[in-house]
Number of protein chains: 2
Amino acid sequence: MIVCKFGGTSVASAEQIKKVAAIVKDEPKRKAVVVSAPGKRFGDDIKVTDLLIALAHASLRNQDAENELKAVVDRYEDIAQGLGLDDTIVNVIEQDLRGRLQENRDNPPLFMDQLKASGEDNNAKLIAAYFTSIGLDAEYVNPKEAGLVVSDEPGRARALPEAYENLSKLRENGKIVVFPGFFGYTKEGVMMTFARGGSDITGSILAASLKAELYENFTDVDSVFAANPNVVDNPAEIKRMTYREMRELSYAGFSVFHDEALMPAFQHSVPVCIKNTNNPSAPGTMIVAEREYTKSPVIGIAADAGFSALYVSKYLMNRELGFGRRLLQILEEEEVSYEHIPSGIDDLSVIVRSHQLTAEKEERILERCREELHVDNAHIEHGFAMIVLVGEGMHNTLGLSARATAAISRVGANIEMINQGSSEVSLVFGIQEKDTDNVLRELYEEFFSKSAVLQ
Amino acid sequence: MIVCKFGGTSVASAEQIKKVAAIVKDEPKRKAVVVSAPGKRFGDDIKVTDLLIALAHASLRNQDAENELKAVVDRYEDIAQGLGLDDTIVNVIEQDLRGRLQENRDNPPLFMDQLKASGEDNNAKLIAAYFTSIGLDAEYVNPKEAGLVVSDEPGRARALPEAYENLSKLRENGKIVVFPGFFGYTKEGVMMTFARGGSDITGSILAASLKAELYENFTDVDSVFAANPNVVDNPAEIKRMTYREMRELSYAGFSVFHDEALMPAFQHSVPVCIKNTNNPSAPGTMIVAEREYTKSPVIGIAADAGFSALYVSKYLMNRELGFGRRLLQILEEEEVSYEHIPSGIDDLSVIVRSHQLTAEKEERILERCREELHVDNAHIEHGFAMIVLVGEGMHNTLGLSARATAAISRVGANIEMINQGSSEVSLVFGIQEKDTDNVLRELYEEFFSKSAVLQ
């Protein structure tokens, strides 16, 4: 069986939901459908989730929230009408929302979460109703009843092991299961939402639980590109990549969905396919545990700005057992996580994401380096970008770093950092932010355009 | 004033000591002379230090050690005769040795150290006597009387701050001070020896204490070479390098003397010159705090084998604050120090010197990675070499890593690791051990032979 998940734009309107139904109908194996709340229909549209947030705020301020409520109900009504459904489902949704507004508001974040999660929940009810109306044997399934048990961590809940056991019983359901994304319930029955990319997480959990042969993640792009299309013209589409490659690419804001969401699928070895609701015949991008790699070692190039470097130097540093560990401990205590730690003999630098730093925090870190580590020198520099070449098999490709460094030199960019040697699937260069786009384009040229000609 | 230190081969025979005297005579600023024990005069010769170790062992076994004692005294007698000195000094030395043999032997290592240190001590007395005999206004100075106070760490003593204060008074001595290397005394008056390169350490401490304008370290080579002359034919001589460059080069067994020895000179900003006793007119290699760097960014290339890599991977590793720190903590607890830590997104590897590992230790480390860090994968590989390009200003040289990586590719060697970004003076490549010599030669060709033609 196949678990498919449809994102906000895929379920934003009657027209989009009809595409979803056609996709589900087209392949009998698609027996579990995870849906988001209705997203934007056009550039300036407001997502249902944002309408729900406005509703919750109004209600928490003890205002009459009828206008805000109506805005939400109208969106569903609009969709229901477009799908040729009568008022029944809209009434169900309105009653659901009025019920949620009567809930205890002693814990405002929980009250807010309850309303936000209604976006997915009610959309699942509506889509199940539509599926049934066109003759699909479908059923809305509530995460609480299905046993999606999660940890008690509001806004970042994680599925507990028993959730997988409970959800696996849905295999015996027979019908097409329409399942709302984004939330689960604690053992005590309290609703908890997932982190960013919540519906992707639900789909991934469901795919793992049901031992699906495939987890299809429908979005609004045909595939993942080999480089950012805003910088590189018509970049190549990635047909097939490994989880590792996906992770390395997502490092630099490359991912079409939140990488943490893939964890359950990865752990249960369910392959993932990223597909386009608006062009379902396109093969999409497959994410698998292993792939064959042939001539072209580089599958994608990601770039991201916003990095800083902490440099410390101390004569005879490399004789000091525990120096690096103590430096990392200081950063950990300051809640700064690091990306890379290039090291010389008496020098060490730590590359971190700049957003973690403040002027006070920097001063404190430098002061602690001087006081506790007795460094000769410590300073922090900003304005770096990281460029990551990604590809299985890259590690054993002779001359690859020579080609990459030559390309970077050609555009006159200085290489501030090179990190190669741990991951077999990536090669990271630190450069000045200002050089990012030029370097990305030249590397793309080197590894994609040229390769295409040479091979 | 200049402090000069003469190593074992420079004071191994009357002939050599005459060269030393000529060097000291030649430059009136040379007012402090630190000497080692007489070293080897020819390939199969036995150093006085080794004769003394044999003497100590014999004496500790309660044997009649007259033969061993005679072997030592004969060496000094031979030197004294060659220098035209009468028996006085040889008698002084013999009495000194007989006195040391009567010392308390409850602590055999200390008894051993006492005898070993006599090698430097008696040679200083002999050389002072010779200097005086040829009209130099010289004086043997005893480290205890001069106040070379050290920490109570047998075999790895460190000078205490008051030592610098005490020794600074030797400036007022007026005479040429002949000072034995290798040892000092605790506050309680117990003799303690320094670590490897002990006479170099004494020279460095003395140079720092006396605020010398220069610390000359006389050995038996004209200068430091830009690459290992056993691998590269006629490598360039390094005229001038910074402490940082010297440290980076010494990382890979490059140093003509023990790098820790330079610490006091470095901290007190005393420039160091490595010179040849047998060719004192050669300018030698200057080691300074800063140097101008011009066209050629690479000053030297070092290579060393015997490295291993610990690889660990874990899905979503980079989201885990403290992961790297905990891995380093495990290594620290296993007393393994690391050289480099290249990192991917979900991978981390730690490059260590292989000699620190045993099969049991490796198994324990891997087990702890699995148990405590819950890694998906952990393994250790052996047989790597590190090649280090060293040079101030290298960091800002466009295209340098491109040239280096291209050179490595030309000889068909795979680059296992690249570490650039912390030190401004080095670029480190990890390669397979078998490729070491080929890579070193090709890099030398690239940065020295070619440069010479191109510039």
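What you are looking at is a predicted structure, and each value in this text was computed from that prediction instead of being measured.

Residues and elements named next belong to chain A. Within this numbering scheme, the UniProt entry marks K5, F6, G7, G8, T219 and D220 as carrying the feature "binding site: ATP" (unreviewed entry). Separation in sequence by 216 residues is not matched in space for these annotated residues, since their most distant C-alpha atoms are only 12.1 Å apart. Among the residues examined, K5 registers a relative accessible area of 7% and is labelled buried. Look past the residues within four positions of K5 in its chain and what remains in contact with it is V34, S36, S199, D200, Y215, E216, N217 and F218. By secondary structure assignment, the location of D220 is in the loop between strand 7 (214–219) and strand 8 (224–225). If we ignore the near neighbours within four places in the chain, the residues touching D220 are T9, N276 and N278.

On to the sheet that holds strand 10 (residues 240–242) of chain B, then. All names here are of chain B. Ordered by their spatial adjacency, 8 strands build an open sheet running 3-4-2-1-7-11-12-10, and the pairing between neighbours is mixed. Edge positions in the sheet fall to strand 3 (138–140) and strand 10, since each of these pairs with one other strand and no more. Each strand of the sheet is rotated relative to its neighbour by a mean of 20°, with strand direction disregarded. Judged from the 3 bridges that link them, strand 3 and strand 4 (residues 176–180) form a sheet pairing that is parallel. Looking across to strand 4, one finds that E139 is bridged to V177. Lying on the sheet, helix 1 (residues 14–26) is in contact with strand 1 (2–6), strand 2 (30–35), strand 4 and strand 7 (214–219); it crosses strand 2 at an angle near 155°. Here helix 5 (residues 108–133) sits on the sheet and contacts strand 2, strand 3 and strand 4; the angle it forms with strand 4, its principal contact strand, is near 160°.

Residue and element names in this part refer to chain A. UniProt feature "binding site: substrate" (unreviewed entry): in the numbering of this structure it lies at T49 and E120. The greatest C-alpha distance among the annotated residues, which extend across 72 residues, is 8.6 Å, indicating that they converge on a single site. Topologically, T49 is positioned in helix 2 (residues 48–60). For T49, a relative accessible area of 18% corresponds to the buried category. Apart from residues lying up to four places away in sequence, T49 is in contact with A37 and K116. Those residues in contact with E120, other than ones at most four positions away along the chain, are V35, S36, A37, P180, G181, F182, F183 and S199.

Attention now goes to the sheet that holds strand 18 (residues 426–432) of chain A. Picture the strands of a sheet paired through backbone hydrogen bonds; they go either parallel or antiparallel. Across the sheet, which stays open at both edges, the 12 strands sit in the order 14(A)-15(A)-13(A)-16(A)-18(A)-17(A)-17(B)-18(B)-16(B)-13(B)-15(B)-14(B) with antiparallel pairing between neighbours. In this open sheet, the two edge strands, each paired with only one partner strand, are strand 14 (338–340) of chain A together with strand 14 (338–340) of chain B. When the angles between neighbouring strand axes are averaged without regard to direction, this sheet yields 35°. Bridge analysis of strand 16 (residues 377–390) of chain A against strand 18 of chain A gives 7 bridges, and the strand direction is antiparallel. When the bridges of strand 18 of chain A are listed, V390(A) appears paired with S426(A). The strands that helix 12 (residues 359–373) of chain B touches are strand 13 (300–313) and strand 16 (377–390) of chain B; relative to strand 16 of chain B, the one it contacts most, it runs at about 110°. Sheet strands in contact with helix 13 (residues 400–410) of chain B are strand 17 (417–420) of chain A together with strand 16, strand 17 (417–420) and strand 18 (426–432) of chain B, and its direction is about 20° off that of strand 18 of chain B.

The subject of this paragraph is the environment of F6(A). Residues and elements named next belong to chain A. Residue position: F6 is located in strand 1 (residues 2–6). For F6, a relative accessible area of 0% puts it in the buried group. With residues up to four places along the chain from it excluded, the contact list for F6 reads V11, V20, I23, V24, V33, V34, V35, S36, F218 and T277.

This paragraph deals with unusual backbone geometry. The general pattern is negative phi for most residues beyond glycine and trans for most peptide bonds. Residue and element names in this part refer to chain A. One non-glycine residue with positive phi stands out, namely N62, at about 60°. Tracing the sequence through the fold places N62 in the loop between helix 2 and helix 3 (66–82). Despite not being glycine, N234 has its phi angle at roughly 45°, a positive value. Residue placement: N234 occurs in the loop between strand 8 and strand 9 (237–238). Assessed through its relative accessible area of 75%, N234 is described here as exposed.

As a further point, take the interface of chain B and chain A. In this complex, chain B contributes 63 residues to the contact, which on the side of chain A involves 63 residues. Carbon and sulfur atoms make up 52% of the area that chain B and chain A hide from each other, which totals about 5500 Å². Between the two partners, chain B and chain A, sit 4 salt bridges. Our count for the chain B to chain A interface comes out at 15 residue pairs in polar contact (both at pLDDT 80 or more). Sorting the residues of the side of chain B that touches chain A by element identifies helix 9 (243–250), helix 10 (263–267), helix 11 (323–333), strand 14, strand 15 (347–353), helix 13 and strand 17 of chain B as the ones contributing at least two each. Where strand 17 of chain A meets strand 17 of chain B, 3 bridges bridge the pair, whose relative direction is antiparallel. Bridge pairing in strand 17 of chain B places N419(A) opposite N419(B).

Screw-axis analysis of chain B against chain A gives a translation of 0.0 Å along the axis, an RMSD of 0.2 Å, and a rotation angle of 180°. When the rotation and shift are considered jointly, the pair of chain copies conforms to a two-fold rotation axis. Of the interface residues in chain B, 100% have counterparts in chain A that sit at the interface too, so the contact is made through matching surfaces.

Quick look at helix 1 (residues 14–26) of chain A now. All names here are of chain A. The end-to-end C-alpha separation of helix 1 is 18 Å, in line with the 18 Å expected for 13 residues at 1.5 Å each. Along helix 1, the residues that are buried comprise A14, Q16, I17, V20, A21, I23 and V24. Those residues of helix 1 that are buried are in contact with strand 1, strand 2 (30–35), helix 3, helix 5 (108–133), strand 4 (176–180) and strand 7.

What follows concerns the domain arrangement of chain A. As a measure of interface size, the accessible area lost when the parts come together is often cited. Split into domains, chain A comes out as domain 1 (2–220) and domain 2 (300–454). A C-alpha centroid distance of 41 Å is found between domain 1 of chain A and domain 2 of chain A.

Once that is clear, we can look at the packing of aromatic side chains. The final tally for this structure, using the stated rule, is 10 aromatic pairs over all chains. Considering the side-chain rings of F183(A) and Y185(A), the 6.0 Å spacing of their centres and the 80° angle between planes classify their relative orientation as edge-to-face. Each member of the pair, F183(A) as well as Y185(A), is classed as buried. Feature note: the residues Y243(A), F266(A) and Y315(B) constitute an aromatic cluster, connected by ring pairs. Across from the ring centre of Y315(B), 5.6 Å away, lies the NZ or CZ of R247(A), which sits over that ring.

Another point: the confidence of the model for chain A. Averaged over all residues, the pLDDT of chain A equals 91, while 96% of them reach at least 70. Mean pLDDT across the elements of chain A bottoms out in helix 14 (residues 436–454) of chain A (83) and peaks in strand 4 of chain A (98).

What follows deals with the side chain of S118(A). Residue and element names in this part refer to chain A. Mapped onto the elements of the fold, S118 is located in helix 5. Among the residues examined, S118 registers a relative accessible area of 1% and is labelled buried. From its side chain, S118 meets the backbone oxygen of L115 in a polar contact 2.6 Å long. Beyond its immediate stretch of four places on either side in the chain, S118 contacts L52, Y76, D96, L97, R100 and N123.

Let us now look at the pairing of strand 7 of chain B. Residues and elements named next belong to chain B. With 6 of 6 residues buried, strand 7 is to be regarded as a mostly interior element. The two faces of strand 7 match: L214, E216 and F218 on one face and Y215, N217 and T219 on the other face are all buried. Sheet topology note: the strand 1/strand 7 ladder contains 5 bridges and is parallel. In the sheet register, I2 faces strand 7, and the bridge partner there is L214. Inspection of the sheet shows strand 7 paired to strand 11 (residues 272–276) by 5 bridges, in the parallel sense. The partner of T219 across the bridge, within strand 11, is N276.

Each value, and the rule that gives it
Residues numbered from 1 in each chain as written. Chains lettered and ligands numbered in written order. Predicted model: local features only at pLDDT ≥ 70, side-chain atom pairs only at ≥ 80, totals over all residues. Heavy atoms only, no water. UniProt positions renumbered as here; feature names shortened; annotations may be inferred. Buried < 20%, exposed > 50% of the residue type's maximum accessible area, 1.4 Å probe, protein only. Contact = heavy atoms within 4.5 Å. Helix = DSSP H or I, 4+ residues; strand = E, 2+ residues; numbered from the N terminus. Pairing = 2+ DSSP bridges. Axes fitted to C-alpha atoms, helices over the stretch in contact; angles between N-to-C directions. Buried area = accessible area lost by both parts, 1.4 Å probe. Salt bridge = Lys/Arg side-chain N within 4 Å of Asp/Glu carboxyl O. Polar contact = N/O pair within 3.5 Å; in protein donor to acceptor, adjacent residues only side chain to side chain. Least-squares fit on C-alpha atoms with pLDDT ≥ 70 in both. Expected span 1.5 Å × (residues − 1). Domains from an automatic or database assignment. Phe/Tyr/Trp six-rings, centres within 6.5 Å; stacked < 30°, edge-to-face > 60°. Lys NZ or Arg CZ within 6 Å of the ring centre and 35° of its normal. pLDDT = per-residue confidence, 0-100.

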